[in-house]
Amino acid sequence: MKTKVKTLPYEQVLALPRPKPKAPRRPSWLLGAAIRLISAGELRSVGFSATYRDMEKIGPKEPVLILMNHSCFLDLQIANKLFFPRPYGIVCTSDGFVGKEALMRALGCIPTRKFVTDLGLVRDMDTMLHKKRISILMFPEASYSFDGRATPLPRKMGVLLKKLNVPVVTVITHGAFLRDPLYNMLQKRKTKVRAEVTCLFTPEEIQERTVPELDAALDKVFSFDNFREQEENHIAVTEPFRADGLQRVLYQCPHCGQEGQMEGKGTTITCHACGKTYELTPTGWLKALEGETEFPHIPDWYAWERENVRKSLLDGSYLLDVPVKIAVMVDYKAIYRVGEGRLRHDANGFRLTGCDGKLDYTQPPLASYGLYADYFWYELGDIICIGNQDVLYYCFPQGGDVVAKTRLAAEELYKLKKQSRKRSKPDPEEAK
């Protein structure tokens, strides 16, 4: 999927009027039916099936909060198949509205900025659920999975569940990630896809539990591992391009330790520093062509990279400082290319400079628990996105495959800063 892009001077973009908040709309039944029709062929091609658990606890017209894992664009087609004709709105990244705001609002979408505090979102969700009596679909991970496991969920999701106080339905897909993993350049593979649909909580059960108990239950549901499931169930992905782009996730060689020298191509990933090569087998396991296989399991390799990032943060050696091309979002009319600059990330957070000295934006580590980072974003390139409610800055690194490491660093830095500020007294919200 592409987006509308314009090139304008940075100062001219900053002067553009910002869109005014709008109340969420009831989704169009006709558009939902059209999506169902358009999606039918692709869902048939993946042999889509679903299982349901405890859904009898929910009334046919009762509004619910649907929490779904995020694997690929197929997720939206799956949701439509599972819940149509039940009307539901969708919490959607704001850049998804660019160039198509009217269509997105007609679909009942509610815009929000990923990993940016959005106090209006809860209000809009409450309006949709309790005043319009419309269900809501939300992807609590906020970003697609890089390594086939769940990305970190926001803490205290239980607080939101208590405030909304509607049934919570979870949808966990199996096979969707294997069909179209984010690193693989939108190349679809032949796999079966299924979904597990569960009524996780009724309103009464939400009120009976504490916030930590609700969070723990969500963490348990969102604890999947797509590569392990592939191997254990002998699911074969035989496409000859299955390792294309894998260096986006596995950017550091476990044999020699070098970063930025990996290349995923065809069915192998190779380190150009030491020459070691690993095959990505049809069942999703890695195997060294010569010598020891340090990490047969991709998420274990990714976890090793995370630990290395954490160590570098602790010893003060972590630093990202790369040239970037910069695009900006301030409204729903376009993504605006504004020039070039440098993105720096260290223990003090992010600093973005550029546009001939006119841009100098800083973002502290505690601004967000995660980072909006994406591969081949709207077919424009790999991005790191920072910003606030007024402006979003999309940075396209020109210095190699740094997106995954930066996301890991942002997550680990947030944890370290949070731990250092942790208070001894309990959080009053958690006692409710």
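Quick note: structure is the one above.
A. Representation of the overall build of the protein in the model. If you tally the helices and strands in the protein, you get 12 helices and 19 strands. Relative to a compact globule of 432 residues, whose C-alpha radius of gyration would be 22 Å, the protein shows 22 Å and is just as compact. With the principal axes as the frame, the protein shows a C-alpha extent of 60 × 55 × 50 Å. In the protein, buried positions account for 55% of the 432 residues. Charge separation in the protein, taken as the distance between the mean sites of 62 positive and 53 negative side-chain charges, equals 6 Å.

B. Region of the structure containing unusual backbone geometry. Omega for the bond connecting phenylalanine 84 with proline 85 falls within 30 degrees of zero, at 15°, which places this linkage in the cis form. As for its placement among the helices and strands, proline 85 is situated in the loop between α3 (74–83) and β4 (88–93). Despite not being glycine, aspartate 54 shows a phi value in the positive range, around 60°. Looking at the secondary structure, you find aspartate 54 in the loop between β2 (49–53) and β3 (65–68). We classify aspartate 54 as partly exposed; its relative accessible area is 25%.

C. Structural detail: the nonpolar core. Ranked by size, the top nonpolar core spans 60 residues in total, and within it Phe146, Leu286, Val328, Leu343, Leu352 and Tyr393 carry the most contacts. Per-element tally for this core: the top contributor is helix α12 (residues 403–420), with seven residues. Those residues in contact with leucine 352 that sit more than four places away from it in its chain are Val324, Ile326, Arg342, Leu343, Leu359, Asp360, Tyr361, Ile386, Tyr393 and Cys395.

D. Focus on the pairing of strand β6 (residues 135–138). Alternating residues of β6 divide into Ser135 and Leu137 and Ile136 and Met138, and every residue in both groups is buried. Where β3 lies against β6, three bridges are found, and the strand directions are parallel. Note on β6: the bridge partner recorded for leucine 65 is isoleucine 136. Across three bridges, the pairing between β4 and β6 is parallel. Residue pairing in the sheet places glycine 89 in a bridge with isoleucine 136 of β6.

E. Spatial organisation of the sheet that holds strand β10 (residues 268–271). An order of β9-β10-β11-β12 is seen for the four strands of this open sheet, with the pairing classed as antiparallel. Single-partner strands in this sheet number two, and they are β9 (262–265) and β12 (286–288). Between one strand axis and the next, the sheet turns through 25° on average, direction left out of account. Pairing analysis gives four bridges linking β9 to β10, with the strands arranged antiparallel. When the sheet's bridge partners are listed, glycine 264 is paired in β10 with isoleucine 269.

F. A look at helix α9 (residues 211–221). Residues of α9 that are buried: Val211, Leu214, Asp215 and Leu218. Each buried residue of α9 sits inside an arc of 100° when the element is viewed along its axis, so together they form one side. On its buried face, α9 is in contact with β3, α6 (157–164), β8 (194–201) and α8 (203–208).

G. Just the environment of leucine 289, in detail. The topology assignment puts leucine 289 in the loop between β12 and α11 (298–315). With relative accessibility at 54%, the residue leucine 289 sits in the exposed group. The sequence separation of leucine 289 and threonine 268 amounts to 21 residues, and the corresponding C-alpha distance is 9.3 Å.

H. Examining the packing of aromatic side chains more closely. Taken as a whole and judged by the stated rule, the model has 14 aromatic pairs. Each ring, one from phenylalanine 222 and one from phenylalanine 224, has its centre 6.5 Å from the other, and the planes form 55°; the classification is tilted. Their ring planes at 65° and their centres at 5.3 Å tell us that tyrosine 278 and tryptophan 301 sit as a pair that is edge-to-face. Placement of the pair is tyrosine 278 in strand β11 (residues 277–280) and tryptophan 301 in helix α11, with a sequence separation of 23 residues. Each member of the pair, tyrosine 278 as well as tryptophan 301, is classed as buried. For arginine 407, the ring lying beneath its charged end belongs to phenylalanine 146, and the centroid distance is 3.5 Å.

I. Broad picture of the packing of helix α2 (residues 29–45) against α3. In the contact formed by α2 and α3, the axes pass within 9 Å of each other and the chain directions differ by 115°. One finds that α2 runs roughly perpendicular with respect to α3. The crossing of α2 and α3 is left-handed. Across the interface between the two elements, Gly32, Ile35, Arg36, Ser39, Glu42 and Leu43 from α2 touch Leu74, Gln77, Ile78, Asn80 and Lys81 from α3. Grouping the constituent residues of the contact of α2 with α3 by class yields four nonpolar, four polar and three charged.

J. Geometry of the pairing of β11. Here three bridges tie β10 to β11, and the two strands are oriented antiparallel to one another. Its bridge partner being in β11, threonine 270 is matched across the sheet by threonine 277. Here β10 folds back onto β11 in antiparallel fashion, the turn holding five residues, of which glycine 275 has a positive phi close to 90°. In the sheet, β11 pairs with β12 via three bridges, with the strands oriented antiparallel.

K. Focus on α12. With 18 residues, α12 ought to run about 26 Å at 1.5 Å a step, and its terminal C-alpha atoms sit 26 Å apart, in line with that. The buried fraction of α12 is high, at 13 of 18 residues.

L. Layout of the sheet that holds β3. One open sheet accounts for seven strands, arranged β2-β8-β7-β3-β6-β4-β5; its pairing is mixed. Single-partner strands in this sheet number two, and they are β2 and β5 (109–112). Going across the sheet, the axis of each strand differs from the next one's by a mean of 20°, ignoring polarity. On the sheet, α6 packs against β3, β6, β7 (168–174) and β8 and is oriented at approximately 155° with respect to β3.

Criteria and thresholds
- Every residue gets a number counted from 1 within its own chain, in the order that chain's sequence is written.
- For a predicted model such as this one, the threshold for reporting local features is a pLDDT of at least 70, and the threshold for listing and counting side-chain atom pairs is 80 or more; totals across whole chains, interfaces and linings nevertheless cover every residue.
- Each side-chain value is derived from all of the structure's non-hydrogen atoms; neither hydrogens nor water enter the calculation.
- Working definition: helices are DSSP H or I runs of at least four residues, strands are E runs of at least two. Numbering for both runs from the N terminus.
- Radius of gyration: C-alpha atoms only; globule rule: 2.2 Å multiplied by the number of residues to the exponent 0.38.
- Each residue is assigned to one of three classes by its accessible area relative to the maximum for its type, calculated with a 1.4 Å probe on protein chains only: buried under 20%, partly exposed between the two thresholds, exposed over 50%.
- Positive charge is attributed to Lys and Arg, negative charge to Asp and Glu, and no charge count is given to His or to the chain ends.
- The atom standing in for a charge is NZ when the residue is Lys, CZ when it is Arg, CG when it is Asp and CD when it is Glu.
- Here, nonpolar core refers to any group of buried Ala, Val, Leu, Ile, Met, Phe, Trp, Tyr and Cys residues whose side-chain atoms link them within 4.5 Å.
- Only heavy atoms enter the contact rule, under which two residues are in contact if any of them lie within 4.5 Å.
- Strand pairing is defined by DSSP finding a minimum of two bridges between the two strands.
- To obtain an axis, a line is fitted to C-alpha atoms, over the contacting stretch when the element is a helix, and the angle between two such axes runs from 0 to 180 degrees between their N-to-C directions.
- Arc, as used here, means the arc of the directions from the helix axis to the C-beta atoms.
- Between 30 and 60 degrees the pair is tilted, below 30 it is stacked and above 60 it is edge-to-face, where a pair is any two Phe, Tyr or Trp rings, Trp via its six-membered ring, whose centres lie within 6.5 Å.
- Comment: the charge-over-ring label is applied if NZ (Lys) or CZ (Arg) is within 6 Å of the ring centre and within 35 degrees of the ring normal.
- Should an angle fall under 35 degrees it is called roughly parallel, over 145 degrees roughly antiparallel, and 65 to 115 degrees roughly perpendicular, with every other angle called oblique.
- Left-handed describes a crossing in which the near helix is turned anticlockwise from the far one by less than a right angle; the clockwise case is right-handed.
- Amino acids are sorted into nonpolar (Ala, Val, Leu, Ile, Met, Phe, Trp, Tyr, Cys and Pro), charged (Asp, Glu, Lys and Arg) and polar (every other residue, Gly among them).
- Helix span is expected to be 1.5 Å times the residue number reduced by one.

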